[in-house]
Amino acid sequence: MPPTASHTPTVLLAEDDRAIRNALERALTLEGYRVTAVADGVEALAQAHRSRPDVLVLDVMMPGIDGLQVCRVLRAEGDRTPVLMLTALVETADRIAGLDAGADDYVVKPFDVEEVFARLRALLRRAAPASGTAPGSASAPAPGTVEPSARGAAPETTGTHGRSGTPGRTGASNGRPGASAAGRFVEAAGLRMDPRARRAWRGRRELELTRTEFELLELLIRNAGIVLDHSTIYDRIWGYDFGPGSKNLAVYVGYLRRKLDEPGAPQLIHTVRGVGYVLRED
């Protein structure tokens, strides 16, 4: 959780610029965080392995092992600790590279420290529901949902993937246009998700999604056929509306489309200009 009288979140800060590192360390400490600051990616990995922080703040461009490599290593190890990237690179391709490496959000230099605080609060709020709950536990609330969870208590069957399996298609939709859930699965527009196992498929093809991509897709599936405005999506996924000038959502939607779309198949995520996005199969 964000800093409170009873909880002090830990931040691992990796930044090779001493002035920025010292200034940000002081600011975060005054804001109520417990900060461990290191100067490069090697130290960041070593520290992350010694004592897992609540959130990481990584500079993209560091000597030796850079922030992207640190993030890739942690994600490959199964570490889902939220990661905020600091970057001087402003091109869309650079931002996509960070998201593809497994980062959850980014701040472009030069930045306002208040923006860093806001993004950290959002990341920690998103991670908070899983606190103290084993991954995949049924008691963990589904992240990023606008409406109440559609998961029922129907028995699971054995599916073609060798795990607790593919449900029948008789689950109640709870009023969501195009969306259905039987047992632990949520379905819409030819997509199927298992929120507890954090797995998703289009048809028979399993999708490889980052944490934020998964939560965004789950939000769209649970509200299939409903146009979700930018503010609603920002609030449910990031916990903070970054304003009309932010490209953060557009970057994630673009990347998610590339993973979903198939040659000859209909596009699933549609842009409603000036409003937001909707999941539907035209």
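Keep in mind the model is a prediction, meaning the values are calculated, not measured. (Residues numbered from 1 in each chain as written. Predicted model: local features only at pLDDT ≥ 70, side-chain atom pairs only at ≥ 80, totals over all residues. Heavy atoms only, no water.)

A. Highlighting the sheet that holds strand β3 (residues 55–59). With parallel pairing, the five strands of this open sheet are ordered in space as β2-β1-β3-β4-β5. A single partner strand is all that each edge strand has here, and the edge strands are β2 (34–38) and β5 (105–108). Between one strand and the next, the sheet's axes are offset by a mean angle of 20 degrees, whatever the strand orientation. Bridge count for strand β4 (residues 83–87) against β5 is four bridges, and the pairing is parallel. What sits directly across from L84, in β5, is D105. On top of the sheet, helix α2 (residues 41–50) reaches β1 (10–14), β2 and β3; it is set at about 160 degrees to β1, its chief contact. (Pairing = 2+ DSSP bridges. Helix = DSSP H or I, 4+ residues; strand = E, 2+ residues; numbered from the N terminus. Axes fitted to C-alpha atoms, helices over the stretch in contact; angles between N-to-C directions. Contact = heavy atoms within 4.5 Å.)

B. Seen up close, the packing of aromatic side chains. Counted according to the given criterion, the structure contains one aromatic pair. Taking 6.1 Å as the distance between ring centres and 35 degrees as the angle between the ring planes, the aromatic pair formed by F185 and W201 counts as tilted. In this pair, F185 is assigned in strand β7 (residues 185–188) and W201 in strand β9 (residues 199–202), connecting sequence segments 16 residues apart. What makes F185 buried here is its relative accessible area of 3%. Taking relative accessible area as the criterion, W201 reaches 2% and is therefore assigned buried. Here the guanidinium or amino end of R192 rests over the ring plane of W201, the centre of that ring lying 4.5 Å away. (Phe/Tyr/Trp six-rings, centres within 6.5 Å; stacked < 30°, edge-to-face > 60°. Buried < 20%, exposed > 50% of the residue type's maximum accessible area, 1.4 Å probe, protein only. Lys NZ or Arg CZ within 6 Å of the ring centre and 35° of its normal.)

C. Spotlight on the nonpolar core. Core analysis: the largest hydrophobic core is formed by 52 residues, its most contacted members being L58, M85, L216, L217, I233 and L279. Top element by residues in this core is helix α8 (residues 248–260). It accounts for seven residues. Here I233 is in contact with L216, L219, L228, W238, L249 and Y277, once residues within four sequence places are set aside. Formed by 17 residues, the second largest nonpolar core is a distinct cluster that contains V11, L13, A27 and L28. (Core = buried A, V, L, I, M, F, W, Y, C linked by side-chain atoms within 4.5 Å.)

D. Layout of the confidence of the model for the protein. Per-residue confidence for the protein gives a mean pLDDT of 76, with 74% of residues at or over 70. No element of the protein has a lower mean pLDDT than strand β6 (residues 180–182), at 45, and none a higher one than β1, at 96. (pLDDT = per-residue confidence, 0-100.)

E. Here's a closer look at the pairing of β4. Across the five residues of β4, five count as buried, placing the element largely inside the fold. Judged by which residues are buried, β4 turns out to be covered on both faces: V83, M85 and T87 on one side and L84 and L86 on the other are all buried. With four bridges connecting them, β3 and β4 associate as parallel partners. Bridge pairing links D59 to L86 in β4. One crossover worth recording links β3 to the parallel β4 by way of helix α3 (residues 67–76), and it is right-handed. (Right-handed = clockwise from strand over helix to strand, strands pointing away.)

F. Focus on the pattern of salt bridges. This model, assessed by the stated rule, comprises 16 salt bridges. Between E115 and R119 there is a salt bridge, with the nearest N and O atoms lying 2.8 Å from each other. Within this pair, E115 and its partner R119 are both found in helix α5 (residues 113–127), separated by four residues, close to a single helical turn. In this structure E115 comes out as partly exposed when scored by relative accessible area, which is 30%. Each of R75, D104, R126, R198, R211 and E215 takes part in salt bridges that share partners, so that together they form one network. (Salt bridge = Lys/Arg side-chain N within 4 Å of Asp/Glu carboxyl O.)

G. Just unusual backbone geometry, in detail. Of note, the bond from K109 into P110 is cis; its omega dihedral lies within 30 degrees of zero at -10 degrees. Along the chain, P110 falls in the loop between β5 and α5. Phi is positive for A189, which is not a glycine, with a value near 50 degrees. One can find A189 in the loop between β7 and β8 (191–194). The residue R198 is not glycine, and still its phi comes out positive at about 55 degrees. For R198, the position within the fold is in the loop between β8 and β9.

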